[in-house]
Amino acid sequence: MTIPAGHEAGRLRIRWFGRLPYAEAWDLQKAFWEGRVGGRSSDDYLLLLEHPHTYTVGRNGDGSNLLIEEDDLPAIGAEMHHVDRGGDITYHGPGQLVGYPVFTVPRLPKGFDMVGHVRRIEEAIIGVLGDLGVEAWAEDGLTGVWTHRGKIAAIGVRVARGTSMHGFAINVEPDLEYFGRIVPCGIADREVTSLSEVLGRAVSLEEVVDAVGPRIAAAFGHDETEVQLGAFARGAGREPFAVDAMVAAGVFSGRNANEVPITINGLLPDEPVRPEWMRIKADISSDGYRGLRRLMRKKELNTVCEEAGCPNIYECWSQGTGTLMLLGDKCTRACAFCDVQTGRPGEVDIEEPLRAAEAVAAMELKHAVLTSVNRDDLDDGGSEVFADTISRIRELVPDCDVEVLIPDFKGDLEALETVMLAKPAVLNHNTETVLRLQRDVRTAANYGRSLALLARAKWINPAATVKSGLIVGMGETEAEIISTLADLRAVGVDLVTIGQYLRPTPRHRPVHRYVHPDEFGRYAAEGEVLGLSHVESGPLVRSSYHARESLENALQ
């Protein structure tokens, strides 16, 4: 199929996010759609992922083709969403590859080429299946892709303001029993099949993802593609993810503390020597440093400066600034770069917000930064404590801007709303690293979830500055960092910090490289080209480093 004349296909950015709940993925694609139509991004995006068990009902359906009671869905681990795509009811779940092309759609004399858009998706899927040894075709009067065993791929799209949303679902190796609980796409007399069923062998999502990108690019006329893939599930015989191996070794919990890897001159095997620009002078004698330390101990407060071993602690504390860490000093997660201890957190201290506000008042701060450990043990993830602390600071220091650096709250929208409705001046949530390294570096986190959270924060309070942070030197490439900046800009982030990874202990992830200051300069320049309000980029930069100055630069 040819693309209508006059259509110019720009760059195609392809992302594999892994598994993500449907509601978060829906908001994620809306954020990319909004970025495309609003001019934050000039690129098309193909978002690839899989969902937990989910039924979606399009505009042509009314839910009557669900063959069980909706109240019974939780019993089979499923949920249902009414969405704004075309079509009737369909199923998404583990073992199914879902693709959301956020593409500009060619304009025809009588409107946008929606039919052609669907036909190009069909063409690409047929090509993918052919590459994998399956004969497939489209059928007149029916949307989707078919094989001799039945329907293998569903398609449902929406085009608004010349840009597409929703897309396709290829049955790779799903549990087909879930299709038996619906009339798939409202077609009662046709079977549904899967790639593994047709081929008679196990098929991985990785195989299909590898084939989908080139076929979609060809069908839509994209000559330039840029691909970032998250991790795929690791099977038997493969090395565990680095962070999983570290968890098993007790790195974060203090277990086996005497089993420390051997270092030579402070370096692990193959680690680079720390360059001159990373030399940090420790000045513990200044009045500002000692005074702030005394204040934190008096108020029984934790600081991320101490718990995470921040290299800027002497500079910042000497100037009377620090980042308060709420909700204790034990984290329910473990990340390969972080020195905060993992363990069972204590009870929530209901007086902590007031003591934090008193500390901010005592320091006479104009810009206060609050963060916390992950508290996955709490129903609200600790969001009420964040909100209460913001309110307490406002009561005691009305002219102080409050910046919060929050965890992902496991994707809980209500928890995020609790924080945002307290109206922090800055909402910061760190993406930490590039998509490829997320699973190797972070536990229980997801790149797509982080992007969705950042977009949601901006929607809840458009007046707030939305910020994210990256650490470099963990194995990423320069091109991957620039691609991550493009993603952050596309979903509505205003401000980004980028700094060098420093290994906290010999048991943590090794330093892969020390990034030269010139490269940090290129990140700042590239962020400006992409349209980010400000990129604070340098070897010693951390999330809250020069936080007030960064905000002022972003608002200029």
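All residue numbers refer to positions counted from 1 along the written sequence of the respective chain. Per-residue local features are limited, in this predicted model, to residues with pLDDT of at least 70; the limit for side-chain atom pairs, both in listing and counting, is 80 or more; totals at the level of whole chains, interfaces and linings are taken over all residues. Values shown for side chains rest on all heavy atoms present in the structure; no hydrogens or waters enter the calculation.

## A short note on the side chain of Glu 480
This is how the line gets drawn: Here a helix means four or more residues in a row that DSSP labels H or I, a strand means two or more in a row labelled E, and each is numbered from the N terminus. The rule is simple: take the accessible area with a 1.4 Å probe, protein chains only, and divide by the maximum for that residue type; under 20% is buried, over 50% is exposed, in between is partly exposed. N or O atoms within 3.5 Å of each other form a polar contact, as long as, within protein, one can give a hydrogen and the other can take it, and as long as residues adjacent in sequence are counted only when both atoms are side-chain atoms.
Secondary-structure assignment places Glu 480 in helix α14 (residues 478-490). A residue is classified by how much of its surface remains accessible, and Glu 480, at 8% relative accessible area, is buried. Within the structure, Glu 480 has its side chain in polar contact with the side chain of Arg 436 (distance 2.7 Å). A polar contact of 2.9 Å, which involves the side chain of Glu 480, links it to the backbone nitrogen of Thr 477.

## Describing helix α9 (residues 352-363)
So the rule is basically this: A helix is expected to span 1.5 Å for every residue after the first.
For α9, with 12 residues, the first-to-last C-alpha span of 17 Å sits near the 16 Å given by 1.5 Å per residue. Of all the positions in α9, only Glu 352, Pro 353, Arg 355, Ala 356, Ala 357, Ala 359, Val 360 and Met 363 are classed as buried. Phi turns positive, to about 55°, at Glu 364, one or two residues after α9.

## A short note on helix α1 (residues 22-37)
Residues that lie three or four places apart on an α-helix share one face, since the helix turns once every 3.6 residues. Across its 16 residues, α1 extends 22 Å between first and last C-alpha, which sits within 8% of the 22 Å expected from 1.5 Å per residue. When you tally the buried positions in α1, you get 12 out of 16 residues, the bulk of the element. Among the residues making up α1, those that are buried are Tyr 22, Glu 24, Ala 25, Trp 26, Asp 27, Leu 28, Gln 29, Ala 31, Phe 32, Trp 33, Gly 35 and Arg 36. Directly beyond the C-terminal end of α1, a positive phi value near 90° is found at Gly 39.

## With respect to the layout of surface pockets
Operational definition: In this analysis a 1.4 Å probe is tested at points of a 1 Å grid over the protein atoms alone, and where it fits but cannot get out there is a cavity; an open set with protein on both sides within 12 Å along at least five of seven lines is a pocket; lining residues have an atom within 4 Å of a point. Grid points are joined across faces, edges and corners, and a volume is the space filled by probe spheres set on the points. Put simply, Ala, Val, Leu, Ile, Met, Phe, Trp, Tyr, Cys and Pro go in the nonpolar bin, Asp, Glu, Lys and Arg in the charged bin, and everything else, Gly too, in the polar bin.
Taken as a whole, the second largest pocket holds about 610 Å³ of empty space. Lining the second largest pocket we find 31 residues, and of these Gly 18, Arg 19, Ala 231, Phe 232 and Ala 233 sit closest to its centre. A per-element tally of the lining of the second largest pocket places strand β1 (residues 12-19) first, with four residues. Partitioning the lining of the second largest pocket into residue classes produces 16 nonpolar, seven polar and eight charged.

## Concerning unusual backbone geometry
Positioned with a positive phi, His 166 is a non-glycine residue whose angle comes to about 60°. Here His 166 is to be found in strand β11 (residues 163-171). According to the relative accessible area criterion, His 166 is buried, its value standing at 2%. Non-glycine residue Lys 410 carries a positive phi angle of around 55°. Looking at where Lys 410 falls in the secondary structure, it is placed in the loop between β16 (401-405) and α11 (413-420).

## Considering empty space enclosed by the protein
If you roll a probe as big as a water molecule over the atoms, it shows you where there is empty space left. Under the definition given, this model contains four cavities of 30 Å³ or more. Its boundaries defined by the atoms lining it, the largest cavity holds a volume of some 70 Å³. Residue lining of the largest cavity: Thr 90, Gln 96, Lys 151, Ala 153, Ala 154, Ala 169, Asn 171, Phe 179, Pro 184, Cys 185 and Val 192, and that is the complete set. When contributions to the lining of the largest cavity are tallied by element, the ones reaching two or more residues are β10 (150-160) and β11. Element by element, the count of residues in the lining of the largest cavity is highest for β10, at three residues. Its residues assigned to classes, the lining of the largest cavity shows seven nonpolar, three polar and one charged.

## Here we look at the packing of helix α2 (residues 114-131) against helix α4 (residues 205-219)
Under the convention used in this document: Axes here mean lines fitted to C-alpha atoms, for a helix over just the part in contact, with angles spanning 0 to 180 degrees between N-to-C directions. For classification purposes, angles smaller than 35 degrees are called roughly parallel, those larger than 145 roughly antiparallel, those between 65 and 115 roughly perpendicular, and all remaining angles oblique. Each crossing is labelled by how the near helix is turned from the far one, with a counterclockwise turn of less than a right angle marking it left-handed and a clockwise turn marking it right-handed. Contacts were defined at the residue level, with two residues in contact if any of their heavy atoms lie within 4.5 Å.
Axis separation between α2 and α4 bottoms out at 8 Å; the angle between their running directions is 140°. Judged by the angle between their axes, α2 and α4 are oblique. The crossing of α2 and α4 is right-handed. Taking contact as the criterion, the partners of Arg 120, Glu 123, Ala 124, Gly 127, Val 128 and Asp 131 in α2 are, on α4, Val 208, Ala 211, Val 212, Arg 215, Ile 216 and Ala 219. Split into classes, the residues belonging to the contact of α2 with α4 amount to seven nonpolar, one polar and four charged.

## Section: the sheet that holds strand β3 (residues 54-57)
Applicable threshold: Strand pairing is defined by DSSP finding a minimum of two bridges between the two strands.
Strands sit in the order β4-β3-β5 across an open sheet of three strands; the sheet is mixed. Looking at the sheet topology across the chains shown, the edges are occupied by β4 (79-82) and β5 (89-92). Neighbour-to-neighbour, the strand axes of this sheet turn through a mean angle of 25°, independent of strand direction. By the bridge criterion, four bridges tie β3 to β5 in an arrangement that is antiparallel. Residue pairing in the sheet places Thr 54 in a bridge with His 92 of β5.

## Focus on the nonpolar core
As a rule of thumb, soluble globular proteins bury nonpolar side chains together. This is how the line gets drawn: As used in this record, nonpolar core signifies buried Ala, Val, Leu, Ile, Met, Phe, Trp, Tyr and Cys residues forming a set joined through side-chain atoms within 4.5 Å.
One finds Phe 17, Phe 32, Leu 370, Val 404, Ile 406, Val 496 and Ile 498 to be the most contacted residues of the largest nonpolar core, which totals 91 residues. Beyond its immediate sequence surroundings of up to four residues, Ile 498 is in contact with Leu 470, Val 472, Ile 481, Leu 485, Phe 520, Tyr 523, Val 535, Glu 536, Ser 537, Gly 538 and Val 541. Counting 37 residues, the second largest nonpolar core, distinct from the first, contains Leu 129, Ala 136, Val 157 and Val 212.

## Details of the pairing of strand β19 (residues 495-500)
Selection rule: By definition, the crossover connecting two strands over a helix is right-handed if that path, from the first strand to the second, turns clockwise as seen with the strands pointing away from the viewer.
For β19, the buried fraction is high: six of the six residues fall into the buried class. Side-chain alternation along β19 places Leu 495, Thr 497 and Gly 499 on one buried face and Val 496, Ile 498 and Gln 500 on a second face that is also buried. With six bridges joining them, strand β18 (residues 465-472) and β19 adopt parallel strand pairing. Considered in β19, the bridge of Val 472 is made with Gln 500. In this fold, the crossover linking β18 to β19 by way of α14 has right-handed handedness. In this fold, the crossover linking β19 to strand β20 (residues 534-537) by way of helix α15 (residues 517-530) has right-handed handedness.

## Describing the sheet that holds strand β6 (residues 96-102)
Judged by pairing direction, the sheet is mixed, and its seven strands sit side by side in the order β9-β10-β11-β6-β2-β1-β12 without closing on themselves. Here the strands that pair on one side only, and so sit at the sheet edges, are β9 (145-147) and β12 (225-229). Across the sheet, the axes of successive neighbouring strands diverge by a mean angle of 15°, strand direction being ignored. Bridge count for strand β2 (residues 44-50) against β6 is five bridges, and the pairing is antiparallel. Each residue of the ladder has a partner; that of Leu 46, found in β6, is Pro 101. Running over the sheet, α1 touches β1, β2, β6, β10 and β11 and is turned about 140° from β11.

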